[in-house]
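What the coordinates show
Residues per chain are reported as follows:
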Amino acid sequence: MNEYIKNRRSIRKYNPEKKVTKEQLNQLLEAAMLSPSACNSRPWEFIAVTNRDTLDEIVRIHPYAQMCKTASAAIIVIASPQTGIPEGYFAQDCAAATENILIEAVSLGLGACWCGVFPKEERIGPFRESFKIAEPKIPFNVIAVGYPDEAPEARGFFDEAKVTYIE
Ligand SMILES: Cc1cc2nc3c(=O)[nH]c(=O)nc-3n(C[C@H](O)[C@H](O)[C@H](O)COP(=O)(O)O)c2cc1C
């Protein structure tokens, strides 16, 4: 089993003194952009935030992203839904990119937490307004990033009951 997948947990408490660098953020974004997407449509854009006031704005507009109080960075994933083929796959594509960020963060000794925005209209609206994200683009999620100040145990598990084997 890949250790980074096994040990990844959502981190909600960070060391605010240890800052995530632009190089680290770019490595996370490169991991995102290496993810698969339908017909290689790559229907994503990103806002990389290290500005303290902007992190506080995320805390203000997202009720479940309070960990951004201590995170030194955040990545807002923005979906650019395609109008033709392959219409409708953007959520899967952006989710794959998000998971790559989470796994790459662990490999760098960082922690991260995926905070959903899409499809909740009451969260999409404030992100559109604060970050000037106009339609047809959609604020998809925000990922808090920082040096962990907590170490939750690995907790995923293999559940054979979820599997149908066709042999
Ligand atoms: C689509 C999605 C939305 C999520 N939204 C939030 C959120 O708004 N705030 C939060 O603290 N965690 C959020 N999470 C993290 C989940 O709560 C977390 O992944 C889950 O409890 C499993 O824990 P683990 O990531 O530590 O394994 C979200 C995860 C996903 C996949």
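Look up: the structure comes first, before these words.
Let me begin by describing the structure that accompanies this report. (Residues numbered from 1 in each chain as written. Predicted model: local features only at pLDDT ≥ 70, side-chain atom pairs only at ≥ 80, totals over all residues.)

Attention shifts here to the overall build of the chain. Counting secondary structure elements, the chain contains five helices and four strands. Counting only residues that meet the buried cut, the chain has 33% of its 167 residues in that class. When contacts within the chain are restricted to residue pairs at least 6 apart in sequence, long-range pairs at least 24 apart make up 78% of them. (Helix = DSSP H or I, 4+ residues; strand = E, 2+ residues; numbered from the N terminus. Buried ≥ 20, exposed ≤ 12 C-beta atoms within 10 Å, placed from the backbone. Contact = placed C-beta atoms within 7 Å.)

Looking now at the sheet that holds strand 4 (residues 138-146). Pairing within the open sheet is antiparallel, and its four strands lie in the order 1-2-4-3. Two strands lie at the open edges of the sheet, namely strand 1 (44-49) and strand 3 (111-116), each paired on one side alone. Along the sheet, successive strands turn relative to each other by an average axial angle of 20 degrees, direction set aside. Pairing analysis gives seven bridges linking strand 2 (residues 73-79) to strand 4, with the strands arranged antiparallel. (Pairing = 2+ DSSP bridges. Axes fitted to C-alpha atoms, helices over the stretch in contact; angles between N-to-C directions.)

On to the site of the ligand. Taken together, the neighbourhood of the ligand is formed by Arg9, Ser10, Arg12, Tyr64, Ala65, Cys113, Trp114, Cys115, Gly116 and Arg155. Each residue belonging to the shell around the ligand can be placed in one class, and the counts come to five nonpolar, two polar and three charged. (Near = placed C-beta within 6 Å. Nonpolar A, V, L, I, M, F, W, Y, C, P; charged D, E, K, R; others polar.)

Of all nine residues in strand 4, nine are buried; the element is thus mostly enclosed. Alignment of strand 3 against strand 4, held across six bridges, turns out to be antiparallel. By the bridge assignment for strand 4, Cys113 is matched with Ala144.

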